[in-house]
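# A structural walkthrough
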Amino acid sequence: MTDQSAAEETGAGYTGLAERFPDAAFSQSYGQTVCRVPRDRLVEFATAAVAEGFSMFVDLCAVDYLHRDPRFEVVVNLASLDPPRRLRILVGVPGDDPTAPSITGVLPGANFYEREAFDLFGIEFSGHPDLTRILLPDDWVGHPLRKDAPVGSVPVQFKEANTAS
Amino acid sequence: MAKPSAPPNFLTALLDKAVNWARTRSMWPASFGLACCAIEMMATGAAHNDLARFGMEVFRASPRQADLMIVAGRVSQKMAPVLRQVYDQMAEPKWVISMGACASTGGMFNNYALVQGVDQVVPVDVYVPGCPPGPQSLMHGILTLQARITAGEYSSR
Amino acid sequence: MSNPPDIVTGEIEASGRDAQAKRPVSSGEPEAGRRRTTHDLWLSGTEAPVDTGRFTDEGSQEMLLVEDQAVLAEQMGTLVVDDYQALGAESSDETQIINMGPQHPATHGVLRLQIELDGETIRRVKPIIGYLHTGMEKTAETLTFMQGPTNVTRMDYLSPLHNELVFSMAVERLLGVEVPPRAQAIRVMMTELNRVASHLLWCATTGLDIGALSMMIYGWRERELVLAFFEKTTGLRMNHNYIRPGGVAADLPDGWEDDVAAIDDGVRAGLADYEALLLGNPIFLERTRGVGVLTAAECLAFGVTGPLLRASGIDYDVRKAFPYSGIEQYEFDVPTGQNGDVYDRFIIRFEEIRQSLRIVAQAARTMPRGDYRTDDRKVTPPPRARIDQSMEALIHHFKIFTEGFHVPAGEVYEAVESARGELGMYLVSSGGAKPWRLHVRGPSFANVQALPAMLTDSLIADTIATLASTDPVMGDVDR
């Protein structure tokens, strides 16, 4: 580890990626580095990020922004240990074609996480070795964490109260 | 209600009482700890609040050797068939304590993923409220069940 | 028997069970060709004769034939290619697939492992989770930010204060509120005590699993000290809902310094006992040395964090790497191991208890005076006494508890070091009073994912020790 200043080092990893991927939009969200990457370049970007030092897989999740285009967003969270810094990759996935490339080839830790996103949101990850439901029973119909899926609550009786939903 | 006048009734009643007493004094729970309530169940079995004084510290792993199932924790849709299978494997007489809010009514998670109350799946004898119920609450529930058994009341199956 | 009410889904759509499974049961037989599942056992009662052989059919959860898993082998490296397989022996003849869990005394919750055994050697392991899926992330979207901690605290139920802390940190970052120093110090002290309690419980249950039954009884003894303090401060022994956005819910009670000192003494004495009980015991050493090894590269690739990662030699601790809540002002070390086996994880957790006690002592000694929560009245409710005096306070109280405070739109990821690893929270707000999306990065989810890497090629008897050393909390895994 050379003794460059932390700020320089912090910048270096990100600028390296930004140069190689001009169509990836880097921004800051409340002090955290976020990068929007097009869907078809995700695997390439992830490989490059790992090579740049973001070798620790932290998290992968999906968000349903119902009335936005693209509807879904897959969020990949990586971290580098030395120096410690984080990178968040946002990938837009359209609602009518909810597929995304799987990064399990680069980061095997994404295995369970992609299965969870498939299970709860219905986003299919192409290239995933075993894309099956993980949290819900196998014969479950639907993807409950989508915004148009109901919570599934049962009406609760409270005496002398008007509970709306 | 007929008064026990003849000696045979008197003996049977005595026998019943003795059997009930024996059942309550060594009720072995099947370990069915699911979530946070399981931690409090383990705490009840530990030294500070000692379940062993009620003869119950042996949590049997095999339901075939158990007569009490303490459903401790939230029962998800995926777990419900397992719960039923474990319950079916227990031999009569068997009792169920539903421990905690999630097991009794679904608790604070009124959503798609949980069975809203374990009594949808198995018949429950005693409900212990709390989130999680402290060891004293669970013991009160267990003692309530023991009192009911000693008094000769069983839930209808 | 009439159609049982569809109370499970409640709402209109059949977004729950397979529509066919909702048929009334006494009509008995499923349609020909439809795979009968264990759910049918539940719905059907026990009257009709059932073909129990079919209930072992796992469907999509079954372990795929070895040939289909070449891709998996390349990526995860969990398949063993040796003479046994090169000889072309059919795996279904020579090996047996057994099922461990979900109801099992030693799986630390409702974890299910499908293990393919060749004699006593494990060839493949497949963890199947989801038996505790509670839909907490969906429930979080229906609760205000003030109610949020009650929900997230039940995810990793062994370190509930960490869950609350990370939720509060995420909300505070979006809100842009400053937490006063006393609140930060209280948060650090409480979460470190929670780490102590969690590790003590882990020692107890792992000792029980490995065979030191007395550990189970002794381990809870010191944990009760910590829980009694929690009950005094927060009102509950577990699942406290104490750390809320803006600070903490209540100030520390009178006499807390004595309680904390008593905890310190009690736990240190207990630790000395446990180490004497376990670490010199030759049987214990045999069962834990070299067992369940996970290399550093595997850890990073799988996203394993916490004592497992540190046992493999990488000293990544979120408290040091991305400090939070003023923890950088306290001196503490991060124990790291070398071999990545179960023994190292034991040593690390024992040492972490000591380091946490060190932090607690420093926090107790240097506890700043001041507010225990931010005085931004839009975020934290006013003191109860003020409500009688001020109309504004009344309105704020009302708005906070009914509608909830609005959090600016944005997305943020916060992480803390919980007892099991990096506990993260990804929070997306749409500007409303409830989160748009709340995703919790549970450390045990990634740790359980690494189980095949740890267990392949080991003996079945080592499964228990390895699994216990992973310290999975299924509430974290399944949420």
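Everything that follows concerns the structure shown earlier in this document.
Here we summarise the structure given alongside this text.

What counts and what doesn't
Residues numbered from 1 in each chain as written. Chains lettered and ligands numbered in written order. Predicted model: local features only at pLDDT ≥ 70, side-chain atom pairs only at ≥ 80, totals over all residues. Heavy atoms only, no water. Contact = heavy atoms within 4.5 Å. Salt bridge = Lys/Arg side-chain N within 4 Å of Asp/Glu carboxyl O. Polar contact = N/O pair within 3.5 Å; in protein donor to acceptor, adjacent residues only side chain to side chain. Nonpolar A, V, L, I, M, F, W, Y, C, P; charged D, E, K, R; others polar. Core = buried A, V, L, I, M, F, W, Y, C linked by side-chain atoms within 4.5 Å. Buried < 20%, exposed > 50% of the residue type's maximum accessible area, 1.4 Å probe, protein only. Helix = DSSP H or I, 4+ residues; strand = E, 2+ residues; numbered from the N terminus. Buried area = accessible area lost by both parts, 1.4 Å probe. Phe/Tyr/Trp six-rings, centres within 6.5 Å; stacked < 30°, edge-to-face > 60°. Lys NZ or Arg CZ within 6 Å of the ring centre and 35° of its normal. Pairing = 2+ DSSP bridges.

### Examining the interface of chain B and chain A
- Contact residues are listed per partner, giving six residues for chain B and 13 residues for chain A.
- Taken together, chain B and chain A are joined by zero salt bridges.
- Scanning the region where chain B abuts chain A turns up three residue pairs in polar contact (both at pLDDT 80 or more).
- Of the residues in the side of chain B that touches chain A, the class split is one nonpolar, four polar and one charged.

### Describing the nonpolar core
- Grouped together as the largest cluster of nonpolar side chains are 200 residues, with contacts concentrated most on Met69 and Val71 of chain B together with Ile129, Met189 and Phe229 of chain C.
- With 14 residues, the single largest contributor to this core is helix α8 (residues 181-210) of chain C.
- Sequence-distant contacts of Val71 of chain B, that is, excluding residues within four places in its chain, are made with Phe32, Leu34, Leu83, Val96, Ile97, Ser98, Met99, Ala103 and Val118 of chain B.
- The next biggest cluster of nonpolar side chains, apart from the first, holds 19 residues, and it includes Met27, Leu138, Ile142 and Leu145 of chain B.

### Observations concerning the environment of Leu175 of chain C
Residues and elements named next belong to chain C.
- The topology assignment puts Leu175 in helix α7 (residues 160-175).
- Distance from Leu175 to Gly246, taken between C-alpha atoms, is 9.4 Å for residues 71 residues apart in sequence.
- Every residue in contact with Leu175, bar those within four places of it in the chain, is listed here: Val379, Phe405, His406, Val407 and Pro408.

### Overview of the environment of Asp97 of chain A
Residue and element names in this part refer to chain A.
- Within the secondary structure, Asp97 sits in the loop between β5 (85-93) and β6 (99-101).
- Relative accessible area serves as the criterion here: at 33%, Asp97 is assigned to the partly exposed category.
- Between the alpha carbons of Asp97 and Pro70 there is a distance of 9.7 Å; along the sequence they are 27 residues apart.
- Reaching out from Asp97, the side chain makes a polar contact with the side chain of Arg39 at a distance of 3.2 Å.

### With respect to the interface of chain C and chain A
- Each side of the interface is counted separately: chain C has 65 residues, and chain A has 62 residues.
- Buried surface at the junction of chain C and chain A, both sides included, amounts to about 5,300 Å², of which 56% is carbon and sulfur.
- At the junction of chain C and chain A, the tally comes to five salt bridges.
- One salt bridge in this structure joins Arg479 of chain C and Glu116 of chain A, with 2.8 Å as the shortest N-O distance.
- Applying the counting criterion to the chain C and chain A interface returns 22 residue pairs in polar contact (both at pLDDT 80 or more).
- Considering every element that reaches the side of chain C that touches chain A, the biggest residue donor is strand β6 (residues 410-418) of chain C, with six residues.
- For the side of chain C that touches chain A, a count of residues per class yields 30 nonpolar, 18 polar and 17 charged.

### As for the packing of aromatic side chains
- Scanning the entire structure with this criterion turns up 12 aromatic pairs over all chains.
- Ring centres of Phe346 of chain C and Phe350 of chain C lie 6.1 Å apart, and the angle between their planes is 40°; this geometry places the pair in the tilted category. Highlighted residues: Phe346 of chain C and Phe350 of chain C, both in helix α15 (residues 342-365), separated by four residues, approximately one helical turn. There is no split in this pair, since Phe346 of chain C and Phe350 of chain C are both buried.
- Grouped by ring-pair contacts, the aromatic residues Phe57, Phe112 and Tyr113 of chain A together with Phe445 of chain C constitute a single cluster.
- If you follow Lys320 of chain C out to its NZ or CZ, it ends over the ring of Phe332 of chain C, 4.1 Å from the centre.

### Side note on the pairing of β6 of chain C
Residues and elements named next belong to chain C.
- Burial of β6 is extensive: nine of the nine residues sit out of reach of the surface.
- Burial along β6 is two-sided: Gly410, Val412, Glu414, Val416 and Ser418 and Glu411, Tyr413, Ala415 and Glu417, pointing in opposite directions, are all buried.
- The pairing of β6 with strand β7 (residues 421-429) spans nine bridges and is classified as antiparallel. Paired with Glu417 across the strands is Glu422, a residue of β7.
- Counted between consecutive antiparallel strands, the loop separating β6 from β7 contains two residues.

### Some words on the side chain of Asn241 of chain C
- For Asn241 of chain C, the location among the structural elements is in the loop between α9 (213-234) and β4 (243-244).
- Discounting chain neighbours no more than four positions away, the residues touching Asn241 of chain C are Pro149, Thr150, Thr153, Glu164 and Ala249 of chain C.

### Focus: the pattern of salt bridges
Residue and element names in this part refer to chain C.
- Following the criterion strictly, the structure yields 40 salt bridges over all chains and no others.
- Between Glu192 and Arg319 there is a salt bridge; the shortest N-O distance is 3.0 Å. Taken as a pair, Glu192 in helix α8 and Arg319 in helix α14 (residues 318-321) lie far apart in primary sequence, 127 residues in all. Comparing Glu192 with Arg319, the two get one shared label, buried.
- The shortest N-O distance in the salt bridge between Asp317 and Arg310 comes to 3.8 Å. Judged on exposure class, the residue Asp317 and its partner Arg310 are both buried.
- The structure contains a network of salt bridges with shared partners spanning Glu192, Arg195, Arg310, Asp317, Arg319, Glu352 and Glu417.

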